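Below are the chains, spelled out letter by letter.
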Amino acid sequence: MTGPRSSGTTPPDTSDAARALEQRDFEGAEVLARAVLAQHPDSSEAWTVLASSLEGRGQADAAEQVYADGIARTHAPPLHNNLAFLLARRGDRDGARRHLLEAVARDPNYSQAWSNLAALHAAEGNNADAEKAFRSAIDADPRAPLPRLDFARLYLAMGQVRLAENLVDQADAIITQSGKTPGAQYLSARQELALGLGIAHGSSGNRIDELGHLQQAIELGGGQPARERFMRALDGIAFQAPRPSLKVILLRALEEHWGFASQAGRAAARLLLTEIPYRELRERVERGNLEAGAELLPAFGADRLFLRVLEQSLVTEVELERIATALRSLLLRQAISGTGASEQLLALSAAISCQCFANGYTWAVSTEEQSALARLTLDTLETVDRAPIPTLTFGVLASYAPLTDFAHADRLLSVQSPVAPLALIIERQIRAPIAERELRAAIKATNPVSPVVPIDPPYPFWIEAPLHASKAAPAEWLRKEFPSATIRHVTREHPNLLVARCRTGEEVVGLSLALQGAAITACDTSLANLGYAMRKTRELGISNVVYVQADASDLHGTVGLFDIVVASAGTLEGPGESTQRLRSLSEQMQPGGYIVLELFSERGRRDVSEARAFARERRYDRSPGSLRTFRQDVLGGVRTDSWQARFASRRGFHELLMLRDLLFAEERTFDPKRIGVLLEGAGLQFLGFHVSSETERLFRLKFGSKANLVSLSQWEEFEADYPNIFEGGYRLLCQNAD
């Protein structure tokens with residue numbers, strides 16, 4: 001229901017009282033309103049201000065009596081409406097209905113009273129009468145937008161999404177045609193509806209409409225709930241044409257850290273590829289005609305969204321990789337030419353160097369580039385101690401190899417007030433690795449890596465995490481992740497949580513931001529990964545995480561028992577059978593504890609099997625050069641629905657060390673039937689898979705009334721029909737015995 005309003009424009013003699021009420025000076029408003037009523041006892045506006053001021057001071061009974069006195073004196077319909085609003089808030093729906101009916105009986109064109117009557121009917125579940133009352137509200141004042149928004153709320157609650165959208169469009173058109181700035185009440189209702197419509201479309205799988213409404217909610221000032229849903233809605237969405245307004249929102253998402261940068265980065269990459277400069281350069285790359293491409297460089301260097309994507313996320317769109325690789329080649333030519341570099345070119349070179357450092361320098365390097373790079377490197381080494389090196393040169397060098405591979409790189413640490421692009425490169429490629437090496441000494445180890453064993457760089461890279469996130473109790477978080485599972489309350493005030501095989505800590509940070517009161521232990525066998533994870537955790541001010549260098553199966557008795565274990569993909573690889581390793585995890589848990597387990601799907605990773613066979617046949621090895629050649633050979637065979645296309649869409653294809661693991665690391669795959677055997681052998685009960693709403697819809701469509709989301713035999717049959725449904729792997733919840 002809509003709150004108190006006057007019957008028209010506030011007359012001059014009540015303006016001071018109304019202003020005091022607006023400023024929440026309730027005592028002053030009361031004094032001023034009583035003064036007006038002493039001279040104008042028939043002023044319904046003064047009666048309303050007086051009652052509202054009393055209610056504001058917590059004197060609801062007195063406010064109700066003031067409305068009754070005002071009605072007895074004036075019989076004004078607004079006083080009936082406002083008293084109805086007060087009564088409804090106090091739970092007296094019968095009294096509220098009586099006064100609303102009196103208001104519209106005295107003034108059949110009283111639109112607000114009709115809207116409030118409709119809202120009252122809707123609250124009582126009487127949708128038919130609510131619809132009639134809303135239509136009366138619109139007929140009473142066809143140019144009023146708020147009744148349409150209230151009506152839209154009703155239709156949205158009834159699941160009539162398109163009807164709700166039509167009413168919202170009508171309300172927006174009224175505001176536009178009026179030429180007036182919409183008021184706070186309208187904006188609040190409009191924002192609420194935009195979020196609600198986005199949620200409704202998301203539930204039915206209408207991704208583009210979902211994203212459009214969530215974008216509107218954000219543009220209207222939507223807070224954290226709108227931003228979080230917007231970030232989730234970006235996953236997997238495709239774009240056919242440029243969307244400038246969405247580009248602005250995506251830039252905000254990256255610069256304001258609404259979520260992990262990978263979420264917005266993937267969507268931003270797909271959106272950028274629809275824009276003219278990207279299409280034009282892509283066509284030149286396909287034709288092998290980059291001779292005249294240098295004039296395009298400033299445009300790319302000025303595109304802030306493109307720069308943020310390169311700096312903060314991993315590029316996994318093959319076409320954008322080809323564009324960025326071409327830009328890197330053009331920048332190399334520019335650096336060799338010795339001509340001055342603009343601010344845009346410096347920013348572009350730094351952003352590309354950040355991307356290449358993050359992906360392990362996985363992009364192809366042509367023979368021409370290798371020759372040019374050798375000349376540039378030689379010139380740099382000959383002059384490094386005698387003259388300042390142009391910033392563009394550093395950016396270009398850092399986009400082909402880590403700066404630490406070059407002699408005298410540590411000299412950069414002494415550069416006073418470096419320009420922003422150079423400062424970014426120094427931070428990512430020199431300062432951060434130094435900080436990580438220093439942090440490793442503080443990490444507890446149960447199986448320390450021998451200092452004579454080479455340590456891989458940390459991977460996978462991630463840069464940004466959400467600055468703000470909605471926290472939930474652990475049990476609530478589990479219910480959200482696995483809606484079909486029966487989750488008991490996790491009773492301990494500060495539950496212990498283990499993240500097994502935490503890698504570089506992205507999931508650890510996500511869990512720390514999402515869970516209330518959890519004490520988190522995170523383990524990995526890679527000291528480099530743990531150093532990276534600890535650095536990022538400290539940068540974010542997170543204090544509830546302890547990192548341990550260990551295989552998860554070696555933690556017995558060292559850190560206590562856990563209420564929840566999150567076992568990342570690959571946790572069951574290593575010495576011993578999978579069942580034995582999983583049983584070892586369950587033995588480290590409290591009775592009735594939960595395991596969130598990630599496993600590889602045999603059917604979902606057929607493209608990985610094909611890639612491994614291809615690598616064996618062509619005799620590729622683990623060396624960086626061989627892996628880069630493998631990538632180019634795979635990309636040369638990409639066709640729709642080919643194993644190459646599916647393999648190239650995996651994140652691991654775009655990061656060198658992850659690609660090495662995809663091709664050569666030990667990998668154990670499963671299907672739902674074998675998952676059942678695995679869990680039974682480890683003494684665990686299956687509680688459900690984490691799946692999308694669309695997957696659940698297809699599952700229920702297949703099995704109808706017999707659908708059972710915790711039946712592994714049904715999931716076995718379902719995956720046989722949809723072999724790519726678990727392409728990203730299984731994420732399942734299980735529980736050990738009490």
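Residues numbered from 1 in each chain as written. Predicted model: local features only at pLDDT ≥ 70, side-chain atom pairs only at ≥ 80, totals over all residues. Heavy atoms only, no water.

1. Here's the deal with the overall build of the protein chain
Rules: Numbering of helices and strands runs from the N terminus, with a helix taken as a DSSP run of H or I at least four residues long and a strand as a DSSP run of E at least two residues long. Exposure categories follow from relative accessible area, calculated using a 1.4 Å probe and restricted to protein chains: below 20% of the type maximum is buried, above 50% is exposed, and the middle band is partly exposed. Residue contacts are defined here by distance: any two heavy atoms, one from each residue, within 4.5 Å place the two residues in contact. Only the protein chains shown count as cover for residues, and all accessible areas are computed by the Shrake-Rupley method using a 1.4 Å probe. Residues scored as charged are limited to Lys and Arg (positive) and Asp and Glu (negative), so that His and the chain ends carry no count. Charged groups are reduced to one reference atom each: NZ for lysine, CZ for arginine, CG for aspartic acid, CD for glutamic acid.
Of regular secondary structure, the protein chain possesses 34 helices and nine strands. By principal-axis analysis of the C-alpha atoms, the protein chain measures approximately 95 × 70 × 50 Å. For the protein chain, the proportion of its 738 residues judged to be buried stands at 52%. Across the protein chain, the fraction of contacts at a sequence separation of at least 24, relative to all contacts at a separation of at least 6, is 70%. Of the roughly 32800 Å² of accessible surface on the protein chain, a fraction of 50% belongs to carbon and sulfur atoms. The averaged location of the 92 negative side-chain charges in the protein chain is 2 Å from the averaged location of its 81 positive side-chain charges.

2. Points about the pairing of strand 4 (residues 545–549)
Selection rule: By definition, two strands form a pair when at least two bridges between them are found by DSSP.
Among the five residues of strand 4, four are classified as buried, and the element is accordingly described as predominantly covered. Across two bridges, strand 1 (residues 444–445) lies against strand 4 in parallel orientation. Among the inter-strand pairings, Ala445 is bridged to a residue of strand 4, identified as Gln549. As paired elements, strand 3 (residues 519–524) and strand 4 share five bridges and run parallel to each other.

3. Section: the side chain of Lys536
Within the fold, Lys536 resides in helix 26 (residues 527–539). Contact partners of Lys536, with chain neighbours within four places excluded, come to Trp462 and Ile463.

4. Quick notes on the packing of aromatic side chains
Centre distance and the angle of the planes are the two values used to describe a pair of aromatic rings. For clarity, the threshold we go by: Any pair of Phe, Tyr and Trp rings, taking the six-membered ring for Trp, is counted once the centres come within 6.5 Å. Such a pair is stacked with planes under 30 degrees apart, edge-to-face with planes over 60 apart, and tilted for the rest. Think of it as a cone above the ring: NZ of Lys or CZ of Arg counts as a charge over the ring if it is within 6 Å of the ring centre and within 35 degrees of the ring normal.
Counted according to the given criterion, the structure contains 28 aromatic pairs. Ring plane angle 90° and centroid distance 5.3 Å describe the contact between Phe689 and Trp715, whose orientation is recorded as edge-to-face. Placement of the pair is Phe689 in strand 8 (residues 684–689) and Trp715 in helix 34 (residues 712–721), with a sequence separation of 26 residues. You'll find Phe689 and Trp715 in the same group, each marked buried. Among the aromatic side chains, those forming a connected cluster through ring pairs are Phe686, Phe689, Phe699, Phe703, Trp715, Phe718, Tyr722, Phe726 and Tyr730. Of note, Arg605 hangs over the ring of Phe600, and the distance from its end group to the ring centre comes to 3.9 Å.

5. Focus on the state of the cysteines
So the rule is basically this: Disulfides are defined as pairs of cysteine sulfur atoms found within 2.5 Å of each other.
The final tally for this structure, using the stated rule, is zero disulfides. The structure places no disulfide on Cys354, whose sulfur is separated from the nearest cysteine sulfur, that of Cys356, by 9.5 Å. Taking the relative accessible area as the measure of exposure, Cys356 reaches 1% and is therefore buried.

6. Looking at the side chain of Asn736
The condition that has to hold: Polar contact is defined as a pair of N or O atoms within 3.5 Å, subject to the rule that within protein one atom must be able to donate a hydrogen and the other to accept it, and that residues adjacent in sequence are counted only when both atoms are side-chain atoms.
Assignment of secondary structure puts Asn736 in strand 9 (residues 730–736). Polar side-chain contacts of Asn736 include one of 2.8 Å to the backbone nitrogen of Gly592. Within the structure, the side chain of Asn736 is placed 2.8 Å from the backbone nitrogen of Gly593, a separation counted as a polar contact. Sequence-distant contacts of Asn736, defined by excluding residues within four places in its chain, comprise Ser586, Met589, Gln590, Pro591, Gly592, Gly593, Gly683 and Leu684.

7. Details of helix 18 (residues 304–312)
Taken across its nine residues, helix 18 has eight buried, putting it largely inside the fold. Within helix 18, burial applies to Leu305, Phe306, Leu307, Arg308, Val309, Leu310, Glu311 and Gln312. Measuring from the side-chain oxygen of the N-cap residue of helix 18 to the backbone nitrogen of Leu305 gives 3.2 Å; that N-cap residue is Asp303.

8. A word on unusual backbone geometry
The omega torsion across Tyr459 and Pro460 is -5°, close enough to zero to call that bond cis. Looking at the secondary structure, you find Pro460 in the loop between strand 1 and helix 24 (474–481). One non-glycine residue, His257, adopts positive backbone phi at about 60°. Relative to the elements of secondary structure, His257 occurs in the loop between helix 14 (244–255) and helix 15 (261–272). His257 gets classed as buried once you look at its relative accessible area, which sits at 17%.

9. Description of the nonpolar core
Formally: We define a nonpolar core as any set of buried Ala, Val, Leu, Ile, Met, Phe, Trp, Tyr and Cys residues linked to one another through side-chain atoms lying within 4.5 Å.
In this structure, Phe230, Leu250 and Leu348 are the most contacted members of the largest nonpolar core, which totals 116 residues. No other element matches the 10 residues that helix 20 (residues 343–358) contributes to this core. Residues contacting Leu348, with those up to four places away along its chain left out, are Leu297, Phe300, Gly301, Phe306, Leu307, Leu310, Leu327 and Leu331. Residues Ala33, Tyr67, Ile71 and Val104 belong to the second largest nonpolar core, which totals 54 residues.

10. Observations regarding the confidence of the model for the protein chain
Reading predicted coordinates in detail is not appropriate for stretches of low pLDDT. The criterion, for reference: Every residue gets a pLDDT, meaning the predictor's confidence in that residue, from 0 to 100.
When pLDDT is averaged along the protein chain, the result is 89, and 94% of the positions lie at 70 or above. Note on residues 6–10: pLDDT is under 50 here. Beyond four places in sequence and across chains, it has eight contacts.

11. Some details on the environment of Leu296
Tracing the chain through its elements places Leu296 in the loop between helix 16 (276–287) and helix 17 (297–301). For Leu296, a relative accessible area of 11% corresponds to the buried category. Excluding anything up to four places from it in sequence, Leu296 contacts Glu280, Leu281 and Arg284.

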